[in-house]
Amino acid sequence: MEFFRIRRDIPFMKHAIVLNAISAITFVAAVFFLVTKGLHLSVEFTGGTVMEVAYEQPADLEAVRKVIEGLGYTEVPVQNFGTSSDVLLRLPAMQGQSSGQQAEAVLAALKAQNPAVELRRSEFVGPQVGQELVSNGLKALGLVIVGIMIYLALRFEWKYAVSAIIANLHDVVIILGFFAFFQWEFSLAVLAATLAVLGYSVNESVVIFDRIRETFRRQRKMTPPQVIDHAITSTISRTIITHGSTQAMVLSMLVFGGPTLFYFSLALTIGICFGIYSSVFVGAAVAMWLGIKREDLIKTSGTKDGGDPGDPNAGAVV
């Protein structure tokens, strides 16, 4: 399905150097903020107190959140757990207070607002657990990257695998850079969104690379930059439909999902926007600079139909 079709190829690769220079500056800035400011890690990574409380009626999460903020906590995740009357709280560690004292103070404040509230459980999450989560998260990221490279190298060619990974890491680092610069809370949900962006971005790269391979087979007189421009232009309608519908869903979570889904959907929004950009201007451009050519994808073997062995196109499989 196409909403429109562009008749003339857009010369994307003509502006590849300028656009990739902008990408490089953005990437370096993201790394700089990650190194100097670091991520504002959530309780799952740093340790703290996890509380589960229950109400007789469906809980008013906004009212609970105001009570927690009144105790000096900021950006504490407050969400339903299981049913609408059960609420889960994740409290960061506070200097001079033990986990038990934190739980007692919060429960007293909640009871002052609603005497019917009950404490279901309270437990301390140690920093060691957070270190394991960080370690496992990095391992998951590494395995995803290796898996993507193997897949693309088998389906296309190693140059495509390298260019796609550079583009995808570009997206991930920029997401982390945004969270470091604005000191937004980095939680397990944001980590999940970051991993999802990796898969989402590589899907766009595969679509473009597949069209590049198809164009190489059909258009023998085009240069590699012309092939790439044609491939990207011919997928624009599909890109707008796919990413537009996905972004509409993510924006609905961002606007109406409340604080629980806010940073998750924000990470996805950043990843989707930069994923489109990187697949076109980073991944395709890097593949061009690595020297992709028709012979990388079209194998030749001897002669066929009485062709001249000296003809480079003899026996071409198309």
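Nothing here was measured: the structure is a model prediction, and the numbers come from that model.

(A) Layout of the environment of G258. Tracing the backbone through its elements, the reader meets G258 in helix α10 (residues 258–289). Judged by its relative accessible area of 27%, G258 is partly exposed. Separated by 176 residues in the primary sequence, G258 and G82 have C-alpha atoms spaced 17 Å apart.

(B) Representation of the packing of helix α7 (residues 188–218) against helix α8 (residues 224–234) in the model. The interhelical angle for the contact between α7 and α8, taken along N-to-C directions, is 125°, at an axis separation of 8 Å. With respect to each other, α7 and α8 are oriented oblique. Along this stretch, α7 crosses α8, giving a crossing that reads as right-handed. Residue-level contacts link I208, R211, I212, T215 and F216 of α7 to P224, V227, I228, H230, A231, I232 and S234 of α8.

(C) Region of interest: the layout of surface pockets. By volume, the largest pocket is sized at about 410 Å³. Lining the largest pocket are 20 residues, and of these P77, E185, P259, T260 and Y263 lie nearest its centre. Within the residue set of the lining of the largest pocket, elements represented by two or more residues are α3 (61–70), β3 (78–81), α7 and α10. If you tally residues by element for the lining of the largest pocket, the top one is α10, at six residues. Its residues placed into classes, the lining of the largest pocket shows 11 nonpolar, three polar and six charged. The wall of the second largest pocket is formed by L39, L41, F45, V134, G137, L138, L141, L176, F186, L191 and T194. Of all the secondary structure elements, the ones that give two or more residues to the lining of the second largest pocket are α5 (127–155) and α7. Per-element accounting of the lining of the second largest pocket gives the leading share, four residues, to α5. Its residues assigned to classes, the lining of the second largest pocket shows nine nonpolar, two polar and no charged.

(D) Geometry of the side chain of S201. Within the element layout of this structure, S201 appears in helix α7. Taking the relative accessible area as the measure of exposure, S201 reaches 2% and is therefore buried. Look past the residues within four positions of S201 in its chain and what remains in contact with it is N168, D171, G275, S278 and S279.

Rules behind the numbers
- Residues numbered from 1 in each chain as written.
- Predicted model: local features only at pLDDT ≥ 70, side-chain atom pairs only at ≥ 80, totals over all residues.
- Heavy atoms only, no water.
- Helix = DSSP H or I, 4+ residues; strand = E, 2+ residues; numbered from the N terminus.
- Buried < 20%, exposed > 50% of the residue type's maximum accessible area, 1.4 Å probe, protein only.
- Axes fitted to C-alpha atoms, helices over the stretch in contact; angles between N-to-C directions.
- Parallel < 35°, antiparallel > 145°, perpendicular 65-115°, else oblique.
- Left-handed = near helix turned anticlockwise from the far one by under 90°.
- Contact = heavy atoms within 4.5 Å.
- 1 Å grid on protein atoms, 1.4 Å probe; cavity = no way out; pocket = protein on both sides within 12 Å on 5 of 7 lines; lining within 4 Å.
- Points joined across faces, edges and corners; volume = space filled by probe spheres on them.
- Nonpolar A, V, L, I, M, F, W, Y, C, P; charged D, E, K, R; others polar.

Nothing here speaks to function; it is all geometry.
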